[in-house]
Structures are given as C-alpha cells and as structure tokens.
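One-letter residues, chain by chain:
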Amino acid sequence: MAATIATRIIILSDTHGEELIHSIPSEENMDVVIHCGDMTDESTLKEYHTAIQTLRNIKAPLKLVIPGNHDFSLDEDAFQNHLSEAHERINDDQLLEKTYGKVGDARALFTAEDNIILLDEGIHHFDLKNGAHLTVYASPYTASKSTGWGYSYDPDQQEHEWNIKPGVDLVMTHSPPKGMLDYTDTRVRAGISSLFEAVAQAKPKVHCFGHIHEAWGGKLVAWREQIPDAPSHFTAIDNGKSRVIERKFDVIDEERLVKYQAKGYREIDDVKIGQSEQTLFVNAAIEGSKEGQQQLPWMLNIQLPQSQLISSEGNKKRSRSADVDGETETSCKRPKE
C-alpha cells in the first residue's frame, strides 16, 4: 500500500470582503487553506486587501484561492464591461481607479503574496510542506442568466466543460454541483448538473464550493461501483452508505457550537475517505443570511499520497506549467511559511 500523510485543510468561501468573526487561533497549524471564491462583494481593492489579510491570519504554508462571480475584476472581459457601465454613472476616472484599480491590479495583489496562490481553471499539483502531494482541480465558473458578473456563463446558451480527471484529490469550484448542498431559501436546487456528472465520474476525495450561502453544510457521499456515462443521483450514489455531516438548518447543541466557535472552524473529525469510493462535499459559504451573521469554515483531515519530490530547494515556492494530454497542469514546490 502506498504511503499516505494526514493533511489538515481549512475550507472557506463567500467572505464578501468581511473579516472572520470567529478567528482561527494562531497556534493552530494547518497544511492548506482553500478559499472557493467571492472574496469580495463589489470587487473593490479594499475588499481584496481584507480577504488577503484574512488568509494571512490563518497559519498555513499554502493558501489556494479561486475567484467567484462577485470577484469580477479578476475576469478581464467582465471588468472592462463593468468599468464602461460604471463610467456612465460616475464619470470620474480617478475615483473608479482608486476603487477598483486598473485591469490586472487585483490579480497583482495575489502575485505579490508569498504563499497565496490564485488558481486559474485546470488541474494543479502541489508538493506540501508536510510531505504530501495534493492534486487539485479548480474552476471559478458559475451558471447564471444575470449579466455583469465574473466567470459566468448562460446555461441556456452553452454548457461549461469540467475537465476533472480521475485521481484528483480535491475539486474546488465556486458553484455547487446539482443536488449537493445547493438548496436556496426558496427550496430551489441552484447547482450545476454537468458539474455533478463530472465529479461523479472522477470521484475525488473532496469537492468544496460556496455560492449558495443558505446551503452551508457537509455531506459524505458513497459512490456505486459502476458509474454510467450520464450519472444521476439515483444511478451514481449509494444512498444507504451516504450521510449528511451537518447543514445550516440542523439544530446542534449550544455546548458544541461554542466549542466550534472558539476553534474558529467546524471540524470534521470522524470521516474516513477512500479514493474512488467516497467524496466529501462541503459548502463552505461564510456569509450568513442575516446582516452580521457568519457560518464557520470547515476543517478536515484527509490522507494524501506521499510526495515524490526530491529537492534541496523543497521549501521554496516555485511553479511551472506544462501541457499534459491537452490540459494545463501547474506543479508547485513547497512554499515557505
């Protein structure tokens, strides 16, 4: 059996320019922090600075981030359209530039960070400081009929291609897959069907996302041995072996809630995930339904394969891109703390 290494991962999403109400104590050591988008509410530079500081405050050698639909200044086409519309209302170039920056300014904020990596869509490989190897599929795209948002597509006009491959450990998207922690307050499923199908075929250990604030929660799904070409919840999931970890509207006792709030996260400490057997779905949307309300980030401990990296420079952050079977993959050596 191949060697594996226990890896602690903090997952959050949809902070919308706000600091965490329940901060994670500085003595807590994580291996990876994941942010699944909507770092901002209006894509202002001030909100990006707040999001970056929030990530800095969590002690971990590697932080991985994708944009959400609210982070439209990271999407060049959407940002250009927004600036044109804003200019018609404000007609003050200096104010607009001070608020939003120029094209590329928001992305440059992340480039300047030593261990916060803004991921483009695709498969990425990371050799972690704890000696594990993490394979991630990342995508910021969201199905939406509304205009003016970043990384959005109209599902009536086209469908997005989710190039998730078997062997991926963790999928991070902004939008949820259809039927997984995607209920809105009006009890409408807001997830993406094609995303569920892609995840069911790839069977990653973890799929984390946000976007639907009221659907915060965790669910462990057991897959059937044979997955059809067009999987559905009935044909792909073994419901008898699957279970909900927790959902926003579940009632938990006050003592347990206070314990979680003191830690600054909701810990998943009783889940054993087997590759190609189970997937842990996590909706990590932080922003609550009411003003000033926040849900907690999730913390999970998963087993990852041991890294094959052999390098005396293994504690330096570097990256390279290569074309592998038609897809772009990014390999990163261990970043320094």
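The name given to the protein chain in an unreviewed UniProt entry is Calcineurin-like phosphoesterase domain-containing protein, and the organism recorded there is Pseudopithomyces chartarum.

## Some words on the overall build of the protein chain
The helix and strand inventory of the protein chain stands at seven helices and 17 strands. By residue count, 53% of the 337 residues in the protein chain fall in the buried class.

## A closer look at the nonpolar core
Within the largest apolar cluster, 34 residues are counted, with the highest numbers of intra-cluster contacts made by I34, L64 and M172. In terms of residues, this core owes the most to one element, strand β15 (residues 298–305), which gives four residues. Setting aside anything within four residues of it in sequence, one finds M172 in contact with I34, H35, C36, L64, V65, I66, L119, V136, Y137, A138, S139 and C208.

## Re a negative patch on the surface
Together, E18, E19, D41, E42 and E291 line one region of the surface with negative charge. Topologically, E18 is positioned in the loop between β1 (4–12) and β2 (32–35).

## Topic: the state of the cysteines
Across all of its chains, the model carries zero disulfides by this definition. Cysteine C36 shares no disulfide, and the gap to the nearest cysteine sulfur, in C208, comes to 3.7 Å. Judged by relative accessible area, C36 falls into the buried class, the value being 0%. Overall, the relative accessible area of 0% leaves C208 in the buried class.

## Some words on the sheet that holds β2
Reading across the sheet, the six strands line up as β4-β3-β2-β1-β15-β13 and stay open at both edges, with mixed pairing between neighbours. Of all the strands in the sheet, the pair left with one neighbour each is β4 (116–118) and β13 (266–268). Neighbour-to-neighbour, the strand axes of the sheet open up by a mean angle of 25 degrees, direction not taken into account. As judged from the three bridges shared by β2 and strand β3 (residues 63–65), these two strands associate in the parallel manner. Following the sheet pairing, V33 is matched in β3 by K63.

## Focus on unusual backbone geometry
Here the phi dihedral of H16 falls at roughly 50 degrees; this positive angle occurs in a residue that is not glycine. Here H16 shows up in the loop between β1 and β2. Here the phi dihedral of L181 falls at roughly 50 degrees; this positive angle occurs in a residue that is not glycine. With respect to the helices and strands, L181 occurs in the loop between β9 (170–173) and α5 (193–202).

## As for the pairing of strand β6 (residues 133–139)
Among the seven residues of β6, seven are classified as buried, and the element is accordingly described as predominantly covered. Where burial is concerned, the two faces of β6 agree: the one with H133, T135, Y137 and S139 and the one with L134, V136 and A138 are both buried. Of the strand pairs in this sheet, strand β5 (residues 122–127) and β6 are connected by six bridges, and their pairing is antiparallel. Across the sheet, residue H124 finds its bridge partner in β6, namely V136. Summarising the sheet, β6 and β9 pair through four bridges and their orientation is parallel. Within β9, the position partnered with S139 by the bridge is T173.

## With respect to the packing of aromatic side chains
Enumeration over the complete set of coordinates arrives at six aromatic pairs. When the centroid spacing of 6.2 Å and the interplanar angle of 70 degrees are considered together, the rings of W223 and F281 count as edge-to-face. You can see W223 sitting in the loop between β11 (217–222) and α6 (233–236) and its partner F281 sitting in strand β14 (residues 278–283), a full 58 residues away along the chain. Residue W223 shares its accessibility class with F281, and that shared class is buried. The rings of F196, W223 and F281 are connected pair by pair, giving a single aromatic cluster. Above the plane of the ring of Y183 lies R187, whose end atom (NZ or CZ) is 3.9 Å from the centre. Here the basic side chain of R189 rests over the ring of Y183, its NZ or CZ set 3.8 Å away from the ring centre.

## Remarks on the environment of L96
Mapping L96 onto the fold places it in helix α3 (residues 93–100). The class for L96 is buried, based on a relative accessible area of 6%. Spatially, the C-alpha atoms of L96 and L83 are 7.7 Å apart, while their sequence positions differ by 13 residues.

## Concerning the confidence of the model for the protein chain
Overall, the prediction assigns the protein chain a mean pLDDT of 87, with 87% of residues at 70 or greater. Overall, residues 310–328 carries pLDDT values under 50, and its contacts beyond four positions in sequence, including any with other chains, amount to 40 contacts. Confidence drops under pLDDT 50 across residues 333–337; counting only partners more than four residues distant or on other chains, this segment forms 31 contacts.

The rules behind these values
- Residues numbered from 1 in each chain as written.
- Predicted model: local features only at pLDDT ≥ 70, side-chain atom pairs only at ≥ 80, totals over all residues.
- Heavy atoms only, no water.
- Helix = DSSP H or I, 4+ residues; strand = E, 2+ residues; numbered from the N terminus.
- Buried < 20%, exposed > 50% of the residue type's maximum accessible area, 1.4 Å probe, protein only.
- Core = buried A, V, L, I, M, F, W, Y, C linked by side-chain atoms within 4.5 Å.
- Contact = heavy atoms within 4.5 Å.
- Patch = residues over 30% accessible without salt bridge, like charges linked within 9 Å, V, L, I, M, F, W, Y side chains within 5 Å.
- Areas by Shrake-Rupley, 256 points an atom, 1.4 Å probe, with all protein chains shown as cover.
- Salt bridge = Lys/Arg side-chain N within 4 Å of Asp/Glu carboxyl O.
- Lys, Arg positive; Asp, Glu negative; His and termini not counted.
- Charge placed at Lys NZ, Arg CZ, Asp CG, Glu CD.
- Disulfide = S-S within 2.5 Å.
- Pairing = 2+ DSSP bridges.
- Axes fitted to C-alpha atoms, helices over the stretch in contact; angles between N-to-C directions.
- Phe/Tyr/Trp six-rings, centres within 6.5 Å; stacked < 30°, edge-to-face > 60°.
- Lys NZ or Arg CZ within 6 Å of the ring centre and 35° of its normal.
- pLDDT = per-residue confidence, 0-100.

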